[in-house]
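Architecture at a glance
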Amino acid sequence: MNEQQIRAMVADALAGIAPEVDLDTAGADQDLRQALDLDSMDFLNLVIALSQRTGRAVPEADYPRLFTLAGMAAYFAH
Amino acid sequence: MPSLGPDMESARVIEWLVKPGDTLHRGDVIVVVETDKGAIEIEVFEDAVVEALIAPLDAELVVGAVMARLRVAGESGTDARAVAATERVEPTVSSPAPAVAPAPPSAVIAQDSVGTPAASSAVASAGHRRASPAARKRAAGLGVDLAGVSGSGPGGAVLLADLAAVSAPRVKRAGGFDAAAMRRVIGAAMARSKREIPHYYLGQKISMASALRWLRQANESRTVEARLLPAVLLLRAVGLALRRTPTLNGFYENGAFRAGDGIHIGWAVALRGGGLVAPAIHDVDKKSLDELMTGLRDVVMRARGGALRGSELVDATVTVTSLGERGADTVLPIIHPPQVAMIGFGRVVERPWAVAGQVEVQPVIGVSLAADHRVSDGHLGSQLLADIERLLNAPETL
């Protein structure tokens, strides 16, 4: 999955979690929690949405790899 | 119109969810009103039948104004009651005429012809498009007229999903509330608190090592959907601890303390774009961690989506704020009147921590209490914080 694909997926997921945030303001290497003012509940809901969309189980220990769009793209690449 | 907070003066009727003749059960949402805290769903607190809707759509009603006439189960039609729908506001008998809200002629007709087809059509002909509160808010934010949107919900109601097609420009303002109006409400409530409540403050550092270890293990065997957040352990610990210090759970009104009818914790939710609302999570001490996680997720989503219920705004017997993983490490809370206590948690930080004569690095959280000196003293407050620490150190008991 490339960055554009993950960006589209995250934007779609965020529409149901935090519709007022603008993903376009976040760079690929920025921590989304900081860039978009996501709290731990928002972030957990985002992980749930990505897990459902990709069909991948995401252990809690892997959460730090999903803090940035670049990290997400790499994580879901295989 | 029920009072949904000490500083609420009026609210606007934006959607009736019932019509004359409908049978209602305690807890049913009957109307959505627009307040400074966003769109709020108002519930009915008795089993009843709708006789007439008095308040027209878009009417700005002062607190106490008659909104609808309901016949409570067991009453005859001539003894119908006008109900303002929260427990705080006693239902008042509205004879001979509803006093405060100027009702338009159509509503008066509806009132006089209770239960007849004419009454129903009078309401239905108000030209109102059915829509979910979330969809209504989104449409208002987008400047979209609901009349031009085809709805896929019950009775053709417009749902959030129906707006996807017309909502191409992304909504950038925080949805569901007027930030300036909310700021005024917060300012008024906090000024009253600082003016009237003699606060005392206590603080304590608590190791989260046991709690977070337990949580990590619990979450390992859970699917991502069923995982718990640390906030739920904090919520549950406060709920259980308050059982032993009931004078920190309730209200100070008319010169006296009144204990809460349960441990209903107002959970402070920050709204993106500024603002704060603390919807009640009911009976925290009686719910499992899973139930609390579901409840917490639900109120946080609805607080931000602008669809809280009236009871959630008035039922809280105490408030908890947790600054979360990017907050400061200490918060000194300001009590939300007429409550008598507020508990705050800072961010979890790694700190040197002495255990049996050895220094270890452990995750540590700062918990603080602000409480009303007219009702309790620091001795009791210290007991609450000690109980919270004891519970967080034994997470398997939560």
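Just so you know, these numbers come straight off a predicted model, no measurement behind them. (Residues numbered from 1 in each chain as written. Chains lettered and ligands numbered in written order. Predicted model: local features only at pLDDT ≥ 70, side-chain atom pairs only at ≥ 80, totals over all residues.)

**What to know about the overall build of chain A**
Counting its secondary structure elements, chain A contains four helices and zero strands. What you see for chain A is a C-alpha radius of gyration of 11 Å, in line with the 12 Å of a compact globule of 78 residues. Each principal axis of the C-alpha distribution contributes one length, and for chain A these read about 30 × 25 × 20 Å. Put simply, chain A has 78 residues, and 28% of those count as buried. Across chain A, every contact between residues at least 6 apart in sequence was considered, and the portion connecting residues at least 24 apart equals 59%. (Helix = DSSP H or I, 4+ residues; strand = E, 2+ residues; numbered from the N terminus. Rg over C-alpha atoms; globule rule 2.2 N^0.38 Å. Buried ≥ 20, exposed ≤ 12 C-beta atoms within 10 Å, placed from the backbone. Contact = placed C-beta atoms within 7 Å.)

**Considerations on the overall build of chain B**
Helix and strand content of chain B: nine helices and 20 strands. Residues classed as buried in chain B amount to 44% of the 398 residues present. In chain B, 65% of the contacts between residues at least 6 apart in sequence involve partners at least 24 apart.

**Digging into the pairing of strand β3 (residues 29-35) of chain B**
Residue and element names in this part refer to chain B. Most of β3 sits inside the fold, with seven of its seven residues counted as buried. One ladder, built from four bridges, connects strand β1 (residues 10-16) with β3; its direction is antiparallel. By the bridge assignment for β3, arginine 12 is matched with glutamate 34. Alignment of β3 against strand β4 (residues 38-43), held across six bridges, turns out to be antiparallel. Note that in β4 the partner of valine 31 across the bridge is isoleucine 42. Linking two consecutive strands that pair antiparallel, namely β3 and β4, is a turn of two residues. (Pairing = 2+ DSSP bridges.)

**Digging into the nonpolar core**
Residue and element names in this part refer to chain B. Grouped together as the largest cluster of nonpolar side chains are 108 residues, with contacts concentrated most on Leu235, Val238, Ile265, Trp267 and Ala341. With nine residues, the single largest contributor to this core is helix α6 (residues 230-242). A domain-level breakdown of this core finds at least three residues from each of domain 1 (10-128) and domain 2 (199-397). Contact partners of leucine 235, with chain neighbours within four places excluded, come to Ile265, Trp267, Ile281, Val284, Leu292, Leu296 and Val320. (Core = buried A, V, L, I, M, F, W, Y, C linked by C-beta atoms within 7 Å. Domains from an automatic or database assignment.)

**Remarks on the packing of α6(B) against helix α7 (residues 289-305) of chain B**
Helix-helix packing is described using two parameters, namely the angle between the two axes and the distance between the axes. Residues and elements named next belong to chain B. It is the contact of α6 with α7, at a shortest axis distance of 9 Å, that shows an interaxial angle of 110°. Considering the angle they form, α6 stands roughly perpendicular to α7. Relative to α7, the crossing made by α6 is right-handed. Contact residues: Ala231, Val232, Leu235 and Arg236 in α6; Leu289, Leu292, Met293 and Leu296 in α7. Looking at side-chain class alone, the contact of α6 with α7 contains seven nonpolar, no polar and one charged residues. (Axes fitted to C-alpha atoms, helices over the stretch in contact; angles between N-to-C directions. Parallel < 35°, antiparallel > 145°, perpendicular 65-115°, else oblique. Left-handed = near helix turned anticlockwise from the far one by under 90°. Nonpolar A, V, L, I, M, F, W, Y, C, P; charged D, E, K, R; others polar.)

**Regarding the sheet that holds strand β16 (residues 308-309) of chain B**
Pairing is mixed across the open sheet formed by five strands, whose spatial order is β6-β1-β3-β4-β16 (chain B). Only two strands of the sheet have a single neighbouring strand rather than two, namely β6 (60-62) and β16 of chain B.

Keep in mind that these numbers describe shape and distance, not what the molecule does.
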